[in-house]
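# Summary of structural features
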Amino acid sequence: MNLKSNIGKYVKLELSGKKLLSGMMVDVGSDLCVLFNGHDYLYIPTVHIQNWQFLKKDEIDEFTLTNEPTPIYNHNEEISLRKTLTSAKGIFSEIYVTSNQALHGYIISIMNNYFVFYSPIYKTMFISLNHLKWLIPYTNHQRPYGLSNASLPVNPSNITFARSFEIQIEKLKGELIVFNIGENENVMGKIQGIKDNFVELITAKGDPVYLNLQHIKTVHMT
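What you see is a predicted model, and the numbers here were worked out from it, not measured in a lab.

## So, the overall build of the protein
Broken down by element type, the protein carries three helices and 15 strands. For 222 residues, the compact-globule estimate of 2.2 N^0.38 gives 17 Å, and the C-alpha radius of gyration of the protein, at 19 Å, lies within 12% of that figure. Across its three principal axes, the protein shows a C-alpha extent of roughly 55 × 40 × 30 Å. Looking at the protein residue by residue over its 222 residues, the buried ones come to 47%. In the protein, 55% of the contacts between residues at least 6 apart in sequence involve partners at least 24 apart. Summed over its atoms, the accessible surface of the protein is roughly 11,600 Å², and 48% of this surface lies on carbon and sulfur atoms. Positive and negative charge centroids in the protein, built from 20 and 20 side chains respectively, lie 3 Å apart.

Dropping the structure here:
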């Protein structure tokens with residue numbers, strides 16, 4: 001039984017990293033599904049769904065589906081991750097990628113296999129499309145951290161973005177960067193170079209660490 005046949009029903013999804021999300025299945029596309037949790041629409045790449053099941057009646061009774069916000073996609077077109085990210089450009093959003101920590105900000109640009117995200121906390125970030133777990137566009141014209149428009153620049157970066165995630169990282173050679181939101185001390189340092197799909201990073205103590213590109217989820221500069 002596939003998810004598409006259960007649009008309008010209440011489900012619980014388990015995502016990579018043992019993350020559980022529950023709500024009403026609103027739409028399903030080629031590589032994305034949309035879940036409404038009673039407050040927000042969650043746009044979830046289906047590649048990260050480990051398993052799913054129907055909610056029990058007492059679990060369904062906990063949901064209040066009033067004052068439903070408007071989804072950001074066109075109901076007349078099949079949804080996809082790339083179309084959704086394009087629609088979300090410039091909209092304040094919450095995204096989840098790694099380290100049990102949501103990121104708040106807005107999408108600047110979508111490239112071949114990554115997108116550029118501006119966070120008031122981390123500034124310009126490069127996010128691998130392969131590792132995005134979900135996206136939640138803000139409703140009711142909220143702003144992250146209660147910041148004013150003046151604190152949220154329209155063009156926050158003068159960097160020229162490369163088409164691919166790997167080339168973008170290569171362009172940062174010699175820069176001090178943080179991978180994966182700094183989940184441990186071995187993902188922070190100076191990029192020395194890339195070879196055979198591994199990034200050579202020089203740590204604070206001058207030791208080289210070699211990181212597999214496939215496991216790099218986010219990049220931001222210090």
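## Examining the pattern of salt bridges
Side chains that carry opposite charge are capable of pairing whenever their charged atoms lie near each other. Enumeration over the complete set of coordinates arrives at three salt bridges. Here K12 makes a salt bridge to E59, at a shortest N to O gap of 3.3 Å. A residue pair is termed long-range when its members are at least 10 positions apart, and K12 in strand β1 (residues 10–15) and E59 in helix α1 (residues 57–60) qualify at 47 residues. Look at K12 and you get partly exposed, because its relative accessible area is 22%. E59 gets classed as partly exposed once you look at its relative accessible area, which sits at 22%. A salt bridge links E77 to K83; the shortest N-O distance between them is 3.9 Å. The exposure class assigned to K83 is partly exposed, which follows from its relative accessible area of 42%.

## Brief notes about the pairing of strand β8 (residues 114–119)
Along β8, six of the six residues are buried, which leaves the element largely enclosed by surrounding structure. On β8, burial covers both faces: Y114, V116 and Y118 on one face and F115, F117 and S119 on the other are all buried. Sheet topology note: the strand β7 (residues 101–110)/β8 ladder contains four bridges and is antiparallel. When the sheet's bridge partners are listed, S109 is paired in β8 with V116. From the end of β7 to the start of β8, which pair antiparallel, there are three residues. Here β8 folds back onto strand β9 (residues 123–128) in antiparallel fashion, the turn holding three residues.

## Here we look at the environment of E166
Along the polypeptide, E166 turns up in helix α3 (residues 165–171). Separated by 48 residues in the primary sequence, E166 and Q214 have C-alpha atoms spaced 9.6 Å apart. Excluding residues that lie within four positions of it along the chain, E166 makes contacts with N113, I194 and L213.

## A look at the nonpolar core
Most often, soluble globular proteins keep nonpolar side chains buried together rather than apart. Counting 28 residues, the largest nonpolar core has L85, I95, L103, I107, F115, F117 and I127 as the members making the most contacts within it. Going through the elements one at a time, β2 (19–28), β3 (32–36), β4 (41–45), α2 (81–88), β6 (93–98), β7, β8 and β9 are the ones with two or more residues in this core. Apart from the residues within four sequence positions on either side, L103 is in contact with S93, E94, I95, V97, F117, Y122, M125, I127 and I181. The next biggest cluster of nonpolar side chains, apart from the first, holds 25 residues, and it includes F92, A162, I216 and V219.

## Overview of the packing of aromatic side chains
In this description, an aromatic ring pair is defined by two values, namely the gap between the centres and the angle between the planes. The full count for this structure, using the stated rule, is 10 aromatic pairs. Note on F92 and Y106: the rings are 5.7 Å apart at their centroids and 70° apart in plane angle, and the pair reads as edge-to-face. You can see F92 sitting in the loop between α2 and β6 and its partner Y106 sitting in strand β7, a full 14 residues away along the chain. Each ring, one from F92 and one from Y138, has its centre 6.5 Å from the other, and the planes form 50°; the classification is tilted. Of the two residues, F92 is situated in the loop between α2 and β6 and Y138 in the loop between β10 (134–137) and α3; the sequence distance between them amounts to 46 residues. Taken together through their ring pairs, the aromatic side chains of F92, Y106, Y118 and Y138 make up a single cluster.

## Thoughts on the pairing of strand β13 (residues 198–202)
Looking down a regular strand, the side chains alternate between one sheet face and the other. Bridge analysis of strand β12 (residues 188–195) against β13 gives five bridges, and the strand direction is antiparallel. Within β13, the residue paired with K195 across the bridge is F198. Remark: two residues form the turn of the hairpin made by β12 and β13, two consecutive strands paired antiparallel; D196 in that turn has positive phi of roughly 55°. Of the pairings in the sheet, the one linking β13 to strand β14 (residues 208–212) comprises five bridges and is antiparallel in character. Among the inter-strand pairings, F198 is bridged to a residue of β14, identified as N212. The antiparallel hairpin formed by β13 and β14 contains five residues in its connecting segment, where G206 sits at a positive phi of about 85°.

Conventions and cut-offs
Residues numbered from 1 in each chain as written. Predicted model: local features only at pLDDT ≥ 70, side-chain atom pairs only at ≥ 80, totals over all residues. Heavy atoms only, no water. Helix = DSSP H or I, 4+ residues; strand = E, 2+ residues; numbered from the N terminus. Rg over C-alpha atoms; globule rule 2.2 N^0.38 Å. Buried < 20%, exposed > 50% of the residue type's maximum accessible area, 1.4 Å probe, protein only. Contact = heavy atoms within 4.5 Å. Areas by Shrake-Rupley, 256 points an atom, 1.4 Å probe, with all protein chains shown as cover. Lys, Arg positive; Asp, Glu negative; His and termini not counted. Charge placed at Lys NZ, Arg CZ, Asp CG, Glu CD. Salt bridge = Lys/Arg side-chain N within 4 Å of Asp/Glu carboxyl O. Pairing = 2+ DSSP bridges. Core = buried A, V, L, I, M, F, W, Y, C linked by side-chain atoms within 4.5 Å. Phe/Tyr/Trp six-rings, centres within 6.5 Å; stacked < 30°, edge-to-face > 60°.

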